[in-house]
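Tertiary structure, described
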Amino acid sequence: MPELPEVETTKTSLLPLVTQRVQSVKVLNASLRWPIPNDIEKLVGQHLMSLQRRSKYILAEFEQDQMLWHLGMSGSFRLCEPNDELRKHDHLIIDFEDQQLRYHDPRRFGCILWLDQASKSKLIDTLGPEPLSEDFNAAYLLEKLQKKNVGIKIALMDNHVVVGVGNIYATESLFNIGIHPAQPASTLTQMQIEKLVIEVKRILKQAIDLGGSTLRDYSNAMGENGYFQQTLLAYGRAGEMCVNCETTLENLKLGQRASVFCPQCQPLKLKKA
């Protein structure tokens, strides 16, 4: 599933469309997580004014309307020429003045919606702070974790606590600072929380700089792959040796997600030190 760095990279690769006018809209398959609006042709004639990211959503502001785009598990946007061959799972085509934008989604868990009061209340307003913002700091995280007895990795991936820290980046952050993914969130010390905030920000910035992670078929709107996966030290390496101590990395399921860790470098501590 595309995580924050992949969505940020996608948004950046779409910026050439900003200020361009929509020439036409064609829906090839409206059946996504929620149906593509049947009045999406309202975009025709409007200029795209800005693109922003909030959590894993891309917010597209047009002259009269705003849209909320989400890549789901397998979605991607691609900038194409009109005569480029269509792919099987291309569901939406938006023709701009200079380029064509196509939305591709084999699993169809993404969404293309109007950003109105209903979708904003349901999908945006309940979200926690952005991890790269000043609002995500040690004091904030300490307060949020005090009464959370779930594993710290589950808490870190909770969009009500902080947005966009998905499985890959939570796994890597915890590995790098020696915290077991199942350690109860409320037992983290202030020093551990301070280190965790710093490491989450560092990992996400590095991932964005490297264009995100291409583990299966992710690419940005220019068709370019990400390279962060080449730096992974824990995620996807269960059964391999820890780069720090050569202990075999293990895997456990937390919240139905694989959580790779080093039993030597990330000991489970059930009480605060």
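Per chain, residue numbering runs from 1 following the sequence as it is written. pLDDT decides what is reported in this predicted model: residues at 70 or higher carry local features, side-chain atom pairs at 80 or more are listed and counted, and totals for whole chains, interfaces and linings draw on all residues regardless. Computation of side-chain values: all heavy atoms of the structure, hydrogens and water removed.

Feature annotation in UniProt assigns "domain: Formamidopyrimidine-DNA glycosylase catalytic" (unreviewed entry) to the following positions: residues 2–110. Only DSSP runs of H or I covering at least 4 residues are called helices, and only runs of E covering at least 2 are called strands; the numbering of each starts at the N terminus. The span residues 2–110 shows a helical share of 10% and a strand share of 38%, and its end C-alpha atoms are spaced 11 Å apart. UniProt positions are given in the numbering used here, feature names are shortened, and annotations may be inferred rather than shown by experiment.

How far each domain reaches was decided by an automatic or database domain assignment. Splitting the protein by domain gives domain 1 (4–124) and domain 2 (138–261). For domain 1 versus domain 2, the separation of C-alpha centres amounts to 28 Å.

Once that is clear, we can look at the UniProt feature "domain: FPG-type" (unreviewed entry) in the protein. UniProt records the feature "domain: FPG-type" (unreviewed entry) for residues 233–267 in the present numbering. Across residues 233–267 one finds 0% helix and 29% strand; the C-alpha atoms that close the span lie 17 Å apart.

Across residues other than glycine, the phi torsion is negative in most instances, and most of the peptide bonds are trans. We note that T19 has phi near 85°; this positive angle belongs to a residue other than glycine. With respect to the element layout, T19 can be found in the loop between α1 (4–14) and β1 (22–27). Although it is not a glycine, S55 adopts a positive phi angle of roughly 55°. Among the structural elements, S55 can be located in the loop between β2 (48–54) and β3 (57–62). Given a relative accessible area of 2%, S55 falls into the buried group. Relative accessibility decides the category of a residue: with a 1.4 Å probe and only protein chains considered, values under 20% of the type maximum give buried, values over 50% give exposed, and everything between is partly exposed.

What follows concerns the pairing of strand β6 (residues 90–96). In terms of burial, β6 is a largely internal element, 7 of the 7 residues being buried. As paired strands, β1 and β6 are joined by 5 bridges and run antiparallel to one another. Across the sheet, residue S24 finds its bridge partner in β6, namely D95. Where β6 lies against strand β7 (residues 100–104), 5 bridges are found, and the strand directions are antiparallel. The pairing criterion is simple: DSSP has to find at least two bridges between the two strands.

Pairing of aromatic side chains requires ring centres within 6.5 Å, counting the rings of Phe and Tyr and the six-membered ring of Trp. Pairs whose planes differ by under 30 degrees are stacked, by over 60 edge-to-face, and all others tilted. With the rule as written, the count across this model stands at 2 aromatic pairs. Residues W69 and F77 carry aromatic rings whose centres are separated by 4.9 Å and whose planes lie at 40° to one another, so their mutual orientation is tilted. Taking relative accessible area as the criterion, W69 reaches 2% and is therefore assigned buried. For F77, a relative accessible area of 2% translates into the label buried. Relative to Y103, the ring of F77 lies with its centre 5.0 Å away and its plane at 50°, an arrangement referred to as tilted. Taken together, the positions of F77 in strand β5 (residues 76–80) and Y103 in strand β7 put the pair 26 residues apart, joining distant regions of the chain. Among the aromatic residues, those joined into a cluster by ring pairs are W69, F77 and Y103.

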